[in-house]
Structure formats: structure tokens, C-alpha cells
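Commentary on secondary and tertiary structure
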Amino acid sequence: AATMRDFVRGMFAPGADPALVEHVVADMAAADPEAALALLEASLRYGRDVVEALAALALPVVAINPEEPPTDVASLERHGVRVVTMRGVGHFLMMEDTPAFNTLLADQLEAIGRG
């Protein structure tokens, strides 16, 4: 649980709302350790299957990512993924700045709708 707490805290941008950070940290640290490790292992093991899964979708895919750490935009674009980034947020960007995330999401959905 202590390792999880440290790991999750590191996924937030500096200046993130401390109450939000502690809420997410507590929630994730409360997870069953065996289930959490199995999930992490599966995501690492099956991450290579994402390329095939993206190709099979044959649908527009957009990744809304934080600016930091940098996203390998060129790699994602090679696989048909449009990348949009947000400044000043971490891994939990949709929780750290919900209004900005929702605006970006709405803009991307509108762009997809226009085709």
C-alpha cells in the first residue's frame, strides 16, 4: 500500500489539488494487492496487442494526454491516433481539470462528427 501511495502521488502534476490527490491515492492504495499486480502485469504484457486492436477498430481514436511526461505523438499518429495534450495536469487529467478536459473532449467529438 505504501508503494502504491508513492507511485500514485507521482502521477499528479505539481500543484494538483491536495484533496483530489489524497482521494485518488487512498482509493488506489485500498485495492487488493493481488488484483492490482495482476492488472499491472496484464497491461504490460498485452500492451503490444494495442496496435492490432487499434487497426481492427477502424474508427477515429483520440488520446487526450498530459503534456508531461511527453507523449510519443509520432508513434501514436502512425497507428491512426490523434493526440491532444493538456498543460498543467498529470495522469488523472480528467479529474485534475474537468472543465478543460470536457472542452477538449467535446471539441474532438465535434471534429469526428464533421468527419
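A short tour of the structure in this document, coming up. Residue numbers here run from 1 along each chain, matching the order of that chain's written sequence. Confidence filtering applies because this is a predicted model: local features only for residues at pLDDT of at least 70, side-chain atom pairs given and counted only at 80 or more, and all residues used for totals across whole chains, interfaces and linings. By convention in this description, side-chain values take in all heavy atoms of the structure and omit both hydrogens and water.

1. So, the packing of helix α1 (residues 2-9) against helix α2 (residues 18-29)
Relative orientation of the contacting elements α1 and α2 amounts to 140°, with a least axis distance of 9 Å. Both α1 and α2 take part in a crossing whose hand is right-handed. Where α1 abuts α2, its residues M4, R5, V8 and R9 lie against V21, E22, V24, V25, M28 and A29. Amino acid classes used here: Ala, Val, Leu, Ile, Met, Phe, Trp, Tyr, Cys and Pro are nonpolar; Asp, Glu, Lys and Arg are charged; the rest, including Gly, are polar. Among the residues making up the contact of α1 with α2, the classes are represented as 7 nonpolar, no polar and 3 charged. Comment: axis = line fitted to C-alpha atoms, over the contacting stretch for helices; angle = value between 0 and 180 degrees taken between N-to-C directions. Helical segments are the DSSP runs of H or I of at least four residues, strand segments are the runs of E of at least two, and each set is numbered from the N terminus. Take the far helix as your reference; a near helix turned counterclockwise from it by less than a right angle gives a left-handed crossing, and one turned clockwise gives a right-handed crossing. Note on contacts: a residue pair qualifies if any of its non-hydrogen atoms lie within 4.5 Å across the two residues.

2. Overview of the side chain of N65
By secondary structure assignment, the location of N65 is in strand β1 (residues 61-66). Polar contacts, as used here, are pairs of N or O atoms within 3.5 Å; protein pairs need one atom able to donate a hydrogen and one able to accept it. Residues neighboring in sequence count only if both atoms are side-chain atoms. Engagement of the side chain of N65 in a polar contact is seen with the side chain of T71, the distance being 3.1 Å. When sequence neighbours within four positions are dropped, the list of residues in contact with N65 reads T71, L76, V84, T85, M86 and L93.

3. A short note on the pattern of salt bridges
Between Lys or Arg on one side and Asp or Glu on the other, a salt bridge is scored when a side-chain nitrogen of the former is within 4 Å of a carboxyl oxygen of the latter. This structure, assessed with the given rule, holds 4 salt bridges. Of the charged contacts, one joins R45 and E41 as a salt bridge, the two residues approaching to 2.3 Å between their closest N and O atoms. One end of the pair is R45 and the other is E41, both in helix α3 (residues 33-46) and 4 residues apart, which spans about a single turn. Salt-bridge contacts for R114 lead to E110; the nearest nitrogen and oxygen are separated by 2.9 Å. Taken as a pair, R114 and E110 lie in helix α7 (residues 98-114) at a separation of 4 residues, close to a single helical turn.

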